[in-house]
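Now for the letters of each chain:
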Amino acid sequence: MVTSGKGGVGKTTSTAALGAALARTGQAVVVIDFDMGLRNLDLVMGAELRVVYDFVDVIQGAAKLPQALIRDKRIETLFLLPASQTRDKDALTEDGVARVIEELRPKFDWVICDSPAGIERGATLAMRHADAAVIVANPEVSSVSDSHRIIGLLDAKTEKAEKGERIEKHLLLTRYDAARAARGEMLTIGDVLEILSTPLLGIIPESEEVLRASNFGSPITIGNPSSAIGRAYVDAARRLKGEVVEMTIPSDKKGLFTRRTFMSDRLSGRTAVEPAVNSQQQKMKDCNATAGEQKLTGDARRTFMRSCLKGT
């Protein structure tokens with residue numbers, strides 16, 4: 001599943017980009033939109049005019065699964081199962097979702113569920129049967145704080161959790177701007193990793209190409225894979241497949257630092273030149289440390305973090 005605690009972080013864009021990047025390697029991929037009522041994934045995929053049946057129709061028996069699946073017009077191995085635009089999240093049932101997922105598993109190499117943001121029914125159903133999760137977060141306090149809650153749910157609300165197993169988790173950091181981070185206007189990569197303690201899947205730079213790709217209904221890894229953001233998503237997809245790919249922050253700017261190698265810099269100690277964290281970043285660290293000392297979890301931790309960050 002692709003998930004986020006906060007809306008607007010690039011979750012649906014990331015679902016489409018990762019799905020397309022994986023399908024371009026020849027693997028069979030289906031992306032599922034769990035955001036009932038809003039249904040944005042078909043727009044990002046450029047398939048909105050081809051929707052006849054949807055996820056809810058399949059669950060309620062109004063259509064067979066093959067009737068609802070939409071094959072991408074550019075990549076033969078990429079499919080979409082759209083959400084319903086006229087039903088809400090209550091139209092999804094646990095048994096119905098389980099049945100659809102089990103029918104898709106043997107037919108596809110990747111079943112990628114685009115979860116609605118937050119912790120409501122649609123999100124918990126999307127994570128229920130997942131083997132792995134990509135947690136999408138922006139380098140800002142509210143997004144990172146909400147990601148804590150999602151990580152807690154992944155460790156408690158999934159089938160794997162019930163069996164005493166751990167779900168595989170990856171962090172995808174989106175809308176990252178190295179210059180703004182250097183000025184202390186957003187959290188640094190190191191800050192986010194320290195707070196969430198989740199393996200980094202990729203660093204997606206801030207780019208106007210995202211809006212352009214969405215407007216054209218073409219995932220960035222199809223429409224402009226050679227752009228900085230396109231390369232970042234392709235690298236993230238390769239890591240998701242298990243390949244060892246050097247962690248970088250791609251850039252479209254020309255110059256000596258066109259492609260900065262983050263992990264090698266960090267391991268060699270060269271990231272020590274980063275400026276000290278600003279007051280917001282320090283406050284986030286202090287609140288997180290206090291919550292850890294008090295051994296707060298779940299709702300108690302979330303409530304404490306919100307009040308602590310507000311200074312109350």
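Look up a bit, the structure's there.
Conventions and cut-offs
Residues numbered from 1 in each chain as written. Predicted model: local features only at pLDDT ≥ 70, side-chain atom pairs only at ≥ 80, totals over all residues. Heavy atoms only, no water. Helix = DSSP H or I, 4+ residues; strand = E, 2+ residues; numbered from the N terminus. Buried < 20%, exposed > 50% of the residue type's maximum accessible area, 1.4 Å probe, protein only. Contact = heavy atoms within 4.5 Å. Areas by Shrake-Rupley, 256 points an atom, 1.4 Å probe, with all protein chains shown as cover. Phe/Tyr/Trp six-rings, centres within 6.5 Å; stacked < 30°, edge-to-face > 60°. Salt bridge = Lys/Arg side-chain N within 4 Å of Asp/Glu carboxyl O.

Participant: Got a sec to walk through the overall build of the protein? Specific residues and values, please.
Facilitator: Scanning the protein for helices and strands turns up 16 helices and 10 strands. For the protein, the proportion of its 312 residues judged to be buried stands at 53%. When contacts within the protein are restricted to residue pairs at least 6 apart in sequence, those whose partners lie at least 24 apart make up 71%. A total accessible area of about 14500 Å² is found for the protein, and carbon and sulfur atoms account for 50% of it.

Participant: Run through the packing of aromatic side chains, naming residues and quoting values.
Facilitator: One pass over the structure, following the stated rule, counts 2 aromatic pairs. Relative to Phe 55, the ring of Phe 34 has its centre 5.1 Å away and its plane inclined at 85°; by these criteria the two rings are edge-to-face. Within this pair, whereas Phe 34 is found in the loop between strand 2 (29-33) and helix 2 (41-44), its partner Phe 55 is found in helix 3 (residues 55-59), the two being separated by 21 residues in sequence. When sorted by exposure, Phe 34 lands in the same class as Phe 55, which is buried. Between Phe 79 and Phe 108, the aromatic rings sit 5.5 Å apart at their centres with planes inclined by 75°, giving edge-to-face as the arrangement. Here Phe 108 lies in the loop between helix 5 (94-104) and strand 5 (110-114) and Phe 79 lies in strand 4 (residues 78-81), a separation of 29 residues in the sequence. Like Phe 79, the residue Phe 108 is buried in the burial classification.

Participant: Explain the pattern of salt bridges to me, using residue names and the numbers behind them.
Facilitator: A side chain with one charge can pair with a side chain of the opposite charge if their charged atoms come near. Tallying each qualifying case throughout the model produces 18 salt bridges. For Arg 166, the salt bridge goes to Asp 155, with nearest N and O atoms at 3.4 Å. Here Arg 166 is found in the loop between helix 8 (159-162) and strand 7 (168-176), whereas its partner Asp 155 is found in the loop between helix 7 (141-154) and helix 8, with 11 residues between them in sequence. In this structure Arg 166 comes out as exposed when scored by relative accessible area, which is 62%. We note a salt bridge from Glu 209 to Arg 212, for which the minimum N-O separation is 2.5 Å.

All quantities given are derived from atomic positions and should not be read as evidence of function.
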